[in-house]
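A look at the structure
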Amino acid sequence: MTRLIVWRHGNTDWNAANRVQGQTDVPLNELGRDQARAAAPLLAALRPDAIVSSDLSRAAETAGALAALTGLPVRSDARLRERHFGQWQGLHLTEVAERFPEEYARWRAGDPDPGADLEPLHDLGERVGAALREAADAAPGGTVVIATHGGGSRQGIGHLLGWDTSVLRTIGSLANCHWSELRHDDRAPAVGRPQDVRGWQLRAHNVGLVTAPVVVDAI
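All values reported here derive from a predicted model rather than from experimental measurement.

**Description of helix α3 (residues 57-70)**
With 14 residues, α3 extends 20 Å between its outermost C-alpha atoms, agreeing within 8% with the 20 Å of an ideal straight helix rising 1.5 Å per residue. Arg 58, Ala 59, Thr 62, Ala 63, Ala 65, Leu 66 and Ala 67 are the residues of α3 that are buried. Turning to α3, the residues buried within the fold contact β1 (2-8), α2 (30-44), β2 (50-53), β3 (74-76) and β4 (143-148).

Structure representation (structure tokens):
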């Protein structure tokens, strides 16, 4: 069994203010650093074989808390970045609603490509899913911790599982420094029984310490 732990970064000041981060490089705040340090021992107990992180500092610093306990290096992968939010990046959500009312309404309704130069969800899922798959392929039978972002993690997981965007909307947001667990059955299928191999499965979601307040995901 190969196991992926998809870990959302800790809190930032922009998270707390409902300000759209997207691919803007916003660092962790003190709460976020505390969250990462608190979560790291739980993840270290899973005996990870590798750590991979988005190259944005809020994810990289989160991964660093686990690296400090395990001694593992952190491999950086820009494909694990958050969704690019186009013209919305840097704005508060109230500003987005005022300046882009039609696109904002489509986004809230789940439109995968609402305009305003937002990255389409299909593209997001493909790039994050490819990074997740590559990380897993590099550690067959092992455990890999992936430090990434809320929206990117949801779409990347969905890409691995083959889930439609409408299904993914029924999955709750990852709180800061919480994670999802996926497992892949690496066994060769028994002769005449290919159904024995189940592929990727979601085994747990939003795991962590006491749940932090959840702000709008994927910003």
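Don't stop here, the text continues.
**Examining the pairing of β1**
Burial runs high along β1: seven of the seven residues are buried. Alternating residues of β1 divide into Thr 2, Leu 4, Val 6 and Arg 8 and Arg 3, Ile 5 and Trp 7, and every residue in both groups is buried. Where β1 and strand β5 (residues 179-184) come together, six bridges link them in antiparallel fashion. From the neighbouring strand, Thr 2 faces β5, where its bridge partner is His 184.

**Observations concerning the pairing of β2**
Pairing of β2 with β4 involves four bridges; the strand directions are parallel. Pairing of Val 52 across the sheet is with Ile 146, part of β4. Across three bridges, β2 lies against β3 in parallel orientation. Paired with Val 52 across the strands is Arg 75, a residue of β3.

**Focus on the confidence of the model for the chain**
Per-residue pLDDT for the chain has a mean of 92; in total, 91% of the residues score no lower than 70. Within the model, the stretch residues 211-216 combines pLDDT values under 50 with 14 contacts to residues more than four positions away or in other chains.

**With respect to the nonpolar core**
Counting residues in hydrophobic clusters, the biggest one holds 19 residues, and the most contacted among them are Leu 4, Leu 80, Leu 132, Val 144, Ile 146, Leu 182 and Trp 200. Listed by contribution, the elements that provide at least two residues to this core are β1, α6 (121-137), β4 and α7 (150-161). Examining the composition of this core, we find that seven residues originate from one element, α6, more than from any other.

**Points about the environment of Leu 80**
One can find Leu 80 in the loop between β3 and α4 (93-99). Residues Leu 80 and Ser 53 lie 27 residues apart in sequence; the distance between their C-alpha atoms is 6.9 Å. When residues no more than four places from it in sequence are discounted, the contact partners of Leu 80 are Val 52, Ser 53, Ser 54, Arg 127, Val 128, Ala 131, Leu 132, Ile 146, Thr 148 and His 149.

**Remarks on the sheet that holds β4**
Strands sit in the order β3-β2-β4-β1-β5-β6 across an open sheet of six strands; the sheet is mixed. Each of the sheet's edge strands pairs with one partner strand only, and the pair in question is β3 and β6 (200-207). The mean angle between the axes of side-by-side strands here comes to 20 degrees, regardless of whether they run parallel or antiparallel. Each of β1, β4 and β5 touches α2; the most contacted strand, β1, lies at about 170 degrees to it. Here α6 sits on the sheet in contact with β1, β2, β3, β4 and β6, set at roughly 135 degrees to β1.

Quick notes on the rules
Residues numbered from 1 in each chain as written. Predicted model: local features only at pLDDT ≥ 70, side-chain atom pairs only at ≥ 80, totals over all residues. Heavy atoms only, no water. Helix = DSSP H or I, 4+ residues; strand = E, 2+ residues; numbered from the N terminus. Expected span 1.5 Å × (residues − 1). Buried < 20%, exposed > 50% of the residue type's maximum accessible area, 1.4 Å probe, protein only. Contact = heavy atoms within 4.5 Å. Pairing = 2+ DSSP bridges. pLDDT = per-residue confidence, 0-100. Core = buried A, V, L, I, M, F, W, Y, C linked by side-chain atoms within 4.5 Å. Axes fitted to C-alpha atoms, helices over the stretch in contact; angles between N-to-C directions.

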